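Observations on chain architecture
Chain residues, written in single-letter form:
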Amino acid sequence: MKFMKQQKKFESREQQQVSETQSQQKTSSREFASVEELLRYDAKQTTVPPGIAQRLGQSLQKEPRPARSWWRRWFR
Amino acid sequence: MDSSLAERLSPNQPLSELGSDEFAGLYQAHSREIYYLTLRLLGDTHKAEDATHDVFLKAYRKLNTFRGDSSHRTWLYRIAINHCSNLRQNWANRHLVTNVEECVWEGAASDGDSPLRVLEIKELGERIQKTLDRLSEEYRLLLLLVADEELSYEEIGTLTGQTPDAVRGKLHRARKMFAAMFEQHQ
């Protein structure tokens, strides 16, 4: 299974020499070893919209203070 | 709500600026994985924004029920999975169809990226979403959870209601299906 990933890849010294002399023909490719790696890359590229934090801040202002948990009360 | 926290949570102030606060810290630490999970489960940036907001609001309301038996991460994942499942069920009941082509990719790349990179990320994300959408809900969820390196098979099993061995077996099939379908979208 092959997934494409952006990384310069030189498989051998010969290939490197060729690429040095033919720098204009260098190609980049994306290659992932597993589905997990692909999804991790995708997750890393995903930006959390800052508007969520702002909305959450507004929503929390309207919330009552959460009650202390029973186990905290028990141990304090 | 804690008055000092309320003051610090002014509408224009992002939670990320609240450094020392416990809940803000929770948001800072886990908003990325929760947003990503909801984005890929729901396939829509706007719905994912709403869902992430709702997940953390629910978490805040349920803070007193968190006993520390699981990690915060697992606890938030459980809330997010249930929330998305309920949303999808409601949409199915209403026969609503999401137009993935138009609305999924608006927020997939940050503003600082070059145009080419944005295009690459959009195209890759588009392929990933289309592939995930063709999988069963169970396989989609398993793949998204196992992609989180901090989750063990045991935790994934707990989150999805099955044994770690069952998770391993299904993941094997899910990976193969994903790979085959992903290639079809090339």
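Residues numbered from 1 in each chain as written. Chains lettered and ligands numbered in written order. Predicted model: local features only at pLDDT ≥ 70, side-chain atom pairs only at ≥ 80, totals over all residues.

1. Remarks on the overall build of chain A
For the record, the criterion: Only DSSP runs of H or I covering at least 4 residues are called helices, and only runs of E covering at least 2 are called strands; the numbering of each starts at the N terminus.
A tally of helices and strands in chain A yields 4 helices and 2 strands. Ordered by position from N to C terminus, the α and β elements of chain A give β-α-β-α-α-α.

2. Digging into the nonpolar core
Applicable threshold: Defined on buried residues, the nonpolar core groups Ala, Val, Leu, Ile, Met, Phe, Trp, Tyr and Cys residues joined through C-beta atoms within 7 Å. Backbone-placed C-beta atoms define the burial measure: a residue is buried with 20 or more other C-beta atoms within 10 Å of its own, exposed with 12 or fewer, and partly exposed in between. Those domain boundaries reflect an automatic or database domain assignment. Distance between backbone-placed C-beta atoms decides contact: two residues are in contact if it is within 7 Å.
Counting residues in hydrophobic clusters, the biggest one holds 48 residues, and the most contacted among them are Leu142(B) and Leu143(B). Take this core: its biggest share by element is 11 residues, from helix 2 (residues 22–42) of chain B. Both of domain 1 (14–104) and domain 2 (110–186) of chain B provide at least three residues apiece to this core. Leu143(B) has contacts with Val35(A), Leu39(A), Ala174(B) and Phe178(B), leaving out every residue within four places of it along the chain.

3. Thoughts on helix 2 (residues 35–45) of chain A
Selection criterion: Note that the arc is computed from the directions linking the helix axis to the C-beta atoms.
Those residues of helix 2 of chain A that sit buried are Val35(A), Leu38(A), Leu39(A) and Asp42(A). End-on, the buried residues of helix 2 of chain A take up no more than an arc of 95°, which puts them together on one face.

4. Focus: the domain arrangement of chain B
Residues and elements named next belong to chain B. Domain parsing of chain B yields domain 1 (14–104) and domain 2 (110–186). At the interface, 12 residues of domain 1 touch 11 residues of domain 2. Of all the elements in the fold, those that place two or more residues in the side of domain 1 that touches domain 2 are helix 2 and helix 4 (72–94). Broken down by element, the residue count for the side of domain 1 that touches domain 2 peaks at 5 residues, all from helix 4.

5. Side note on the confidence of the model for chain B
Residues and elements named next belong to chain B. The test is simple: Residue-level confidence of the predictor, termed pLDDT, takes values from 0 up to 100.
For chain B, the mean per-residue pLDDT works out to 81, and 74% of the residues sit at or above 70. Ranking the helices and strands of chain B by mean pLDDT puts helix 7 (residues 137–146) first, with 97, and helix 1 (residues 3–8) last, with 41. A low-confidence stretch, residues 1–20 (pLDDT under 50), is modelled with 32 contacts involving residues beyond four sequence positions or located in other chains. This model gives residues 99–107 a pLDDT under 50, and the stretch forms 18 contacts once residues within four places in sequence are excluded.

6. Here's the deal with helix 9 (residues 164–184) of chain B
Residue and element names in this part refer to chain B. Cut-off, in case you're wondering: Expected span, for any helix, means 1.5 Å times one less than how many residues it has.
Between its terminal C-alpha atoms helix 9 stretches 30 Å, which fits the 30 Å expected from 21 residues at 1.5 Å a residue. Taken together, the buried positions of helix 9 are occupied by Val 167, Leu 171, Ala 174, Phe 178 and Phe 182. Summarising the axial view, the buried residues of helix 9 lie within an arc of 75°, below the 170-degree limit, and thus occupy one face. In this structure, helix 9 carries Asp 165, Gly 169, His 172, Arg 173, Lys 176, Ala 180 and Gln 184 as exposed residues pointing more than 90 degrees from its buried face.

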